[in-house]
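# What the coordinates show
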Amino acid sequence: MRRTKLLCLAVAGLAAQTHTFRLGEPAEVVAELEMSSPGSDWSEAGREAATALVTLDGAARQHVVLSAGAERHVYAVFLGQVAAGEHRLHIERDAAHSAPPSGLEVAAVRFREYRPGDPLYTVVANAPVLHARPDVIGRFSDVPL
């Protein structure tokens, strides 16, 4: 049991990443995070998934449950309206909301900017925001839906 915990801590430590990007003018921004969760298995209780904590400029916080398990998958994270200038996106494994043996690997990060006049601007700017129900946090019960 102790060996598994040490492995998870090592994976978590290696997976924390910070990515910077610069905007010349304000834009709606979507971060495309290509991630995987080695050690995850939805068919086994206690190994469901890792949860990534994503912060923008140290303030805006979002959680991403890696529902695709050990396979790489691109997760789109809506960062909202972001001001012009340089910004930092930090990604790390959230141990409090992850299944203990589930690791986190970040393979790539891409940023998509949407400004008025872009055909998808209105869609991205008005996309609904979904929040987890308080009674399901850390239980993984709604994620497969």
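Check the entry above for the structure.
Residues numbered from 1 in each chain as written. Predicted model: local features only at pLDDT ≥ 70, side-chain atom pairs only at ≥ 80, totals over all residues. Heavy atoms only, no water.

## Thoughts on the packing of aromatic side chains
Spelled out, the test is: Two rings from Phe, Tyr or Trp (for Trp, the six-membered ring) form a pair when their centres are within 6.5 Å of each other. A pair whose planes differ by under 30 degrees is stacked, one over 60 is edge-to-face, and the rest are tilted. In DSSP terms, a helix is any run of H or I states spanning at least four residues, a strand is any run of E spanning at least two, and both are numbered starting from the N terminus.
Counted by the stated rule, this structure contains one aromatic pair. Relative to Phe-111, the ring of Phe-21 has its centre 4.2 Å away and its plane inclined at 25°; by these criteria the two rings are stacked. Residue Phe-21 is located in strand β1 (residues 17-23), and its partner Phe-111 is located in strand β7 (residues 105-114); the two are separated by 90 residues in the primary sequence.

## Here we look at the environment of Ser-98
The test is simple: A 3.5 Å cut-off defines polar contacts: any pair of N or O atoms within that distance qualifies, except that in protein one atom must be a possible hydrogen donor and the other a possible acceptor, and neighbouring residues in sequence count only when both atoms are side-chain atoms.
Tracing the sequence through the fold places Ser-98 in the loop between β6 (85-93) and β7. Along the primary structure Ser-98 and Val-65 are separated by 33 residues, whereas in three dimensions their C-alpha atoms are 8.2 Å apart. Only 2.8 Å separates the side chain of Ser-98 from the backbone nitrogen of Thr-51, close enough to count as a polar contact.

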